[in-house]
Each structure stands twice: as structure tokens, then as C-alpha cells.
Amino acid sequence: MTNKPQITLFYDTFGIPENPAVVLIPGLGGHNISWAEDFCQQIANAGFYIIRVDNRDAGLSTHYDDYPTIDLAELAQKMQSGESISFPYTLFDMADDVINLLDKLSIEKAHIIGRSMGGMISQLIAAKYPEQVISLCPIMSSTGNPALPQSEPDVMQMLMSPGANPKDNLDGYLSGQLAFYRRISSTSCAFAEEYYRDYILKAFARNYSPEGTKRQIVAVGVTGDMRPYLKSITAPTLVIHGSVDPLFPLAAGQDIANNIPNAKIDVVDGMGHETPPALNADIANKIIIHLCSAMA
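Residues numbered from 1 in each chain as written. Predicted model: local features only at pLDDT ≥ 70, side-chain atom pairs only at ≥ 80, totals over all residues. Heavy atoms only, no water.

Per an unreviewed UniProt entry, the protein goes by Carboxylesterase and derives from Providencia heimbachae ATCC 35613.

Looking only at helices and strands, one finds 11 helices and 7 strands in the protein. Relative to the 2.2 N^0.38 estimate, which gives 19 Å for 296 residues, the radius of gyration of the protein is 18 Å and therefore close to what a compact globule would have. The dimensions of the protein, computed from C-alpha atoms along their principal axes, are 50 × 40 × 35 Å. Out of the 296 residues belonging to the protein, those deemed buried represent 51%. Here the contacts in the protein between residues at least 6 apart in sequence split such that 80% fall between residues at least 24 apart. When the accessible surface of the protein is totalled, it reaches about 13,200 Å², and 51% of it is carbon and sulfur. Here the protein holds 20 positive side-chain charges and 32 negative ones, and the gap between their average locations is 2 Å. (Helix = DSSP H or I, 4+ residues; strand = E, 2+ residues; numbered from the N terminus. Rg over C-alpha atoms; globule rule 2.2 N^0.38 Å. Buried < 20%, exposed > 50% of the residue type's maximum accessible area, 1.4 Å probe, protein only. Contact = heavy atoms within 4.5 Å. Areas by Shrake-Rupley, 256 points an atom, 1.4 Å probe, with all protein chains shown as cover. Lys, Arg positive; Asp, Glu negative; His and termini not counted. Charge placed at Lys NZ, Arg CZ, Asp CG, Glu CD.)

Close contact between helix H2 (residues 72-80) and helix H8 (residues 210-223) brings their axes to 11 Å; oriented N to C, the two are set at 10°. In terms of their interaxial angle, H2 and H8 are classed as roughly parallel. Along its contact with H2, which presents Leu-72, Leu-75 and Met-79, the element H8 presents Lys-214, Ile-217, Val-218, Gly-221 and Val-222. (Axes fitted to C-alpha atoms, helices over the stretch in contact; angles between N-to-C directions. Parallel < 35°, antiparallel > 145°, perpendicular 65-115°, else oblique.)

A separate point is the side chain of Thr-90. Counting through the fold element by element, Thr-90 comes out in the loop between H2 and helix H3 (91-104). A distance of 3.1 Å separates a polar side-chain atom of Thr-90 from the backbone nitrogen of Phe-92. For Thr-90, the contacting residues outside a window of four places in its chain are Ala-219, Val-222 and Thr-223. (Polar contact = N/O pair within 3.5 Å; in protein donor to acceptor, adjacent residues only side chain to side chain.)

This part is about the packing of aromatic side chains. Scanning all chains against the criterion turns up 11 aromatic pairs. A centroid spacing of 6.2 Å and a plane angle of 50° characterise the contact between Tyr-173 and Phe-204, whose relative ring orientation is tilted. Of this pair, Tyr-173 sits in helix H6 (residues 170-183) while Phe-204 is found in helix H7 (residues 193-206), placing the two residues 31 residues apart along the sequence. Under the relative-accessibility criterion, Tyr-173 is labelled buried at 15%. (Phe/Tyr/Trp six-rings, centres within 6.5 Å; stacked < 30°, edge-to-face > 60°.)

A few words on unusual backbone geometry. One non-glycine residue, Asp-57, lies in positive phi territory at about 70°. One can find Asp-57 in the loop between strand S3 (49-53) and H2. Positive phi, normally seen in glycine, also occurs at Asn-262, with a value near 65°. Taking relative accessible area as the criterion, Asn-262 reaches 76% and is therefore assigned exposed.

This brings us to the pairing of strand S5 (residues 133-139). Buried residues dominate S5, accounting for 6 of its 7 residues. Relative to S5, strand S4 (residues 110-115) is paired through 6 bridges, and the arrangement is parallel. Its bridge partner lying in S5, Ala-110 is registered against Val-133. As a crossover connection, the stretch from S4 through helix H4 (residues 117-128) into S5 is right-handed. (Pairing = 2+ DSSP bridges. Right-handed = clockwise from strand over helix to strand, strands pointing away.)

Turning our eyes to something else, we now look at the UniProt feature "domain: AB hydrolase-1" (unreviewed entry) in the protein. The UniProt feature table records "domain: AB hydrolase-1" (unreviewed entry) at residues 20-273. The straight-line gap between the two end C-alpha atoms of residues 20-273 is 28 Å; of that span, 43% is helix and 13% is strand. (UniProt positions renumbered as here; feature names shortened; annotations may be inferred.)

With that settled, the discussion passes to the side chain of Ser-141. Examined against the element boundaries, Ser-141 turns out to sit in the loop between S5 and helix H5 (153-160). When its relative accessible area of 0% is taken as the criterion, Ser-141 is described as buried. Among residues more than four places away in sequence, those in contact with Ser-141 are Ser-116, Gly-119, Met-120, Gln-123, His-241, Phe-248, Ala-252, Gly-253 and Ile-256.

With that out of the way, let us pick up the state of the cysteines. As enumerated under the stated definition, the model contains 0 disulfides in all. With no disulfide partner, Cys-40 has as its closest neighbouring cysteine sulfur the one in Cys-137, 13 Å distant. According to the relative accessible area criterion, Cys-40 is buried, its value standing at 0%. Cysteine Cys-137 shares no disulfide, and the gap to the nearest cysteine sulfur, in Cys-292, comes to 13 Å. By relative accessible area, Cys-137 is classed as buried at 0%. (Disulfide = S-S within 2.5 Å.)

This part takes up the pattern of salt bridges. Across all of its chains, the model carries 15 salt bridges by this definition. For Arg-206, the salt bridge identified is with Asp-54, shortest N-O distance 2.9 Å. One end of the pair, Arg-206, is in helix H7; the other, Asp-54, is in the loop between S3 and H2, with 152 residues separating them in the sequence. Owing to a relative accessible area of 0%, Asp-54 belongs among the buried residues under this scheme. Here Lys-286 ties to Asp-282 by a salt bridge, and the two come within 3.8 Å at their closest N and O atoms. Of this pair, Lys-286 and Asp-282 both sit in helix H11 (residues 277-295), 4 residues apart, which is roughly one turn of the helix. (Salt bridge = Lys/Arg side-chain N within 4 Å of Asp/Glu carboxyl O.)

Right, here's the structure in full:
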């Protein structure tokens with residue numbers, strides 16, 4: 001039996017602590033720096049206190065480094081055949097992490113925003129802790145509904161493939177990562193290669209944890225269909241989703257809006273599974289309007 005570590009989430013902040021809090025939750029394997037500084041500062045300048053977190057098993061937060069190596073293909077076969085499997089944690093546990101952080105910071109309520117897997121975590125926070133959520137905004141996310149259209153096969157293959165080890169072959173790793181970001185990028189603007197190159201290198205310098213990303217993939221899989229929990233969400237909800245998202249097709253965002261009472265969806269034309277620099281200011285503005293409306 002593997003000992004479970006005490007979870008500590010790394011975070012940084014923008015804005016004045018006395019302002020209403022906004023938690024930003026990154027996606028699969030993502031670091032808190034995946035939320036661009038100018039994006040965070042724009043929302044902070046509108047009168048909010050931004051808390052940008054690293055999820056467990058990513059960035060500078062606690063990692064389950066003692067957990068046995070995971071074979072994703074073998075695990076998927078076991079799940080499909082109905083075999084019981086062992087797993088380190090679920091998205092519910094990751095939702096608890098965020099609430100525990102807010103409690104430690106003595107923040108009674110916050111706006112919760114998440115991207116991709118972080119958007120799934122954000123939905124569970126709003127469902128499980130309604131009294132602590134002012135508003136909800138899942139971006140390019142999903143309900144986990146198994147009937148939804150699947151990701152594009154080549155995108156999933158790229159996501160699940162191990163790729164080069166940056167400690168041995170940094171150029172190969174960088175090339176593979178850039179190819180993935182290019183594949184999921186938006187069609188409404190040019191691919192921001194330098195922006196993503198900078199992020200990839202900074203994230204590698206902070207922490208390289210392919211096993212942590214595997215454990216997060218397992219957490220998504222074992223959490224499964226979240227729709228039964230979403231009907232209880234009372235927080236004002238804005239779903240932001242790209243029209244050409246190849247990882248979570250638009251139907252996934254629509255499914256979130258359909259299952260959360262009174263939720264609104266804003267479809268960003270030409271946005272893929274990313275928030276590129278060219279769209280950051282517009283998306284931040286959409287969020288600011290949503291946050292202010294929730295508090296009116």
C-alpha cells in the first residue's frame with residue numbers, strides 16, 4: 001500500500017487580497033503559469049484577487065512520487081472489462097484540494113474558473129461546495145459524459161504518447177510538445193509558437209512529471225460521468241468553449257451548459273483547445289462581465 005502524501009498546492013496571486021477571490025485551475029499536466037500573466041492582471045485590474053494554482057501532481061504542488069508506475073493501456077483494458085483497479089485519487093479529491101486551500105487562506109467564497117481538466121474540477125467544486133462558490137466558469141471542458149463525441153484520434157495519440165525525455169533530448173521534447181500545441185491550436189489566429197515555446201521551457205524548469213500527468217489521466221477516467229452532480233449547481237455559470245476544439249469537441253461544452261441549471265454558453269469562433277495570446281484579452285473581458293454579473 002502506497003502512503004498518501006499530505007497535499008499542499010502551490011499558488012501565486014495577482015491583485016488585492018481584499019477583493020473578491022478568483023481561483024484559476026489549470027488543465028491536464030498543466031502548470032499555473034498556463035494562465036498568462038497579462039490575462040490574470042487584466043482580471044485583477046477589474047477588481048478581483050486572482051489565485052493561480054498548480055494542481056496536485058503538477059508544477060510545484062505535492063506529487064505522488066512513491067506511487068507505482070502506471071501503464072495506461074493496461075489500465076484502460078481493465079476498466080473496459082469491468083475489472084477493479086487501484087488508483088491514487090479522483091477529481092473529487094482534486095476539488096477538495098482547492099477548497100482546503102481557500103480554507104487555509106481564510107477565503108469563505110470564491111469565483112471558480114477551470115480550463116479542460118481544471119474545468120471538470122471546477123464543476124465538482126461548485127456541485128460539492130455550493131456555499132463557497134460565487135460563480136463558475138468552465139473553459140474548453142467536459143462533463144465526462146461517455147456518449148459525447150470523442151477527441152480526434154490523432155490528438156489522443158499525441159496526448160497519450162510518451163514523447164522524448166527532455167532530460168536526454170530537450171530539442172526532441174520541445175519539438176513534440178510544439179507539434180501537439182499546434183495541432184490543438186485555434187484557427188482564428190496564427191499559432192503563437194514563441195509563446196508556447198516559452199511556456200514549455202518554463203514548465204520543464206519548474207517540474208517535469210510525466211507520471212504525475214498519467215495519474216491525472218487516471219483521475220479523469222475513474223471519476224467518469226459527472227452529470228448526476230451538476231444538477232445541484234446553483235452558482236451562476238458561464239461555459240466558454242471553442243468552435244473547433246479537437247480534444248473536447250463543442251458538444252462537450254454544450255453538454256455542460258445543458259446539465260447545469262441556468263448556465264450560459266459562449267462559443268468562441270475559431271478557438272481550439274487553447275487560449276492563445278490573441279484571444280486572451282477577449283476571453284478575460286467575457287470573464288470579467290460574468291464575474292461582475294454574478295455579484296450584482
